[in-house]
Amino acid sequence: MEAMHCPRCREPVLNEVQVGTIAVDVCPECRGTWFDTGELAATLRAGELPAELRGPTEPGPEEPRSAVLRQPRAHPAPESDLPCPRCGRVLDRYWYAAEPGRTFLVDGCRQGHGVWLDAGELELARNLLPRFAAEAEAFSRSGKLDETLGRLERQGLADRLRLEVTNIIRAWLGR
Ligand SMILES: [Zn+2]
Ligand SMILES: [Zn+2]
């Protein structure tokens, strides 16, 4: 497969890092990670993360942007300026698992190639999972899961992005 460049650092070539049965692509400089479609959901389900995918042990001077959980409607996602490492088109910034109070920003390719997470954001997302699980279960029982998915649909997310989000919600539900 052709080498992929980091959308943030541009030049450095992403290194494959094995997570269970899949391989994700990590930047050796900024430690951001590219997930092909489906790989983020699989990584969130994985057990122990390899060291390359763990966030910094000391919090950096700046919080990762997703550390702040916000209402997507009150704060529209800002434009992304990162190119997709597969096709070069500018990534869309969108709210992953757009559920009030439990959303985080990712940069995803509208062509369905995958999503980019900056260093530390994966761990942050994984830390949210246990908290989210009970709520997701309640959603499921109350039928609000459909509402959540319906809301995503109305936001006009591309099919593949919607699939990715659905996969995440399913992962949270353990399905
Ligand atoms: Zn980088
Ligand atoms: Zn792309």
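Above this text sits the structure in question.
What comes next is a walk through the structure. Keep in mind that what you see is a predicted model, and the values were worked out from it rather than measured.

Between any two of four tetrahedral donors, the ideal angle at the metal is 109.5 degrees; between two of six octahedral donors, it is 90 or 180 degrees. Looking at the zinc ion (ligand 1), the protein donor atoms are Cys6 (SG), Cys9 (SG), Cys27 (SG) and Cys30 (SG), and they sit 2.2 to 2.3 Å from it. Given four donor atoms and angles of 105 to 114 degrees at the metal, the environment of the zinc ion (ligand 1) is assigned as tetrahedral. Counting gaps between the donor residues of the zinc ion (ligand 1) yields the pattern C-x2-C-x17-C-x2-C. Placement of the pair is cysteine 6 in the segment before β1 (15-19) and cysteine 30 in the loop between β2 (22-26) and β3 (33-36), with a sequence separation of 24 residues.

The next subject is the coordination of the zinc ion (ligand 2). Within the first shell, the zinc ion (ligand 2) binds the protein through Cys84 (SG), Cys87 (SG), Cys109 (SG) and His113 (ND1), at distances of 2.0 to 2.4 Å. Classification of cysteine 87 by relative accessible area gives partly exposed; the value is 29%.

This paragraph deals with the side chain of threonine 33. Tracing the backbone shows threonine 33 in strand β3. Filtering out sequence-adjacent residues up to four positions away, threonine 33 remains in contact with Val24, Asp25, Val26, Leu53, Val115, Trp116 and Leu117.

Another point: the pairing of β3. Residues of β3 alternate between two faces, with Thr33 and Phe35 on one and Trp34 and Asp36 on the opposite face, all of them buried. Taken together, the two bridges between β2 and β3 define a ladder with antiparallel strand orientation. Each bridged residue has a counterpart across the sheet, and for valine 26 the counterpart in β3 is threonine 33. What sits between β2 and β3 in their antiparallel hairpin is a turn of six residues, with arginine 31 showing a positive phi close to 65 degrees. In the sheet, β3 pairs with strand β6 (residues 114-117) via four bridges, with the strands oriented antiparallel. Across the sheet, the residue bridging to tryptophan 34 is tryptophan 116, located in β6.

The rules behind the values
- Residues numbered from 1 in each chain as written.
- Chains lettered and ligands numbered in written order.
- Predicted model: local features only at pLDDT ≥ 70, side-chain atom pairs only at ≥ 80, totals over all residues.
- Heavy atoms only, no water.
- Donors = N, O, S within 2.8 Å, 3.2 Å for Na, K, Ca; no water.
- Tetrahedral: all angles 85-135°; square planar, octahedral: opposite > 155°, others 65-115°.
- Helix = DSSP H or I, 4+ residues; strand = E, 2+ residues; numbered from the N terminus.
- Buried < 20%, exposed > 50% of the residue type's maximum accessible area, 1.4 Å probe, protein only.
- Contact = heavy atoms within 4.5 Å.
- Pairing = 2+ DSSP bridges.

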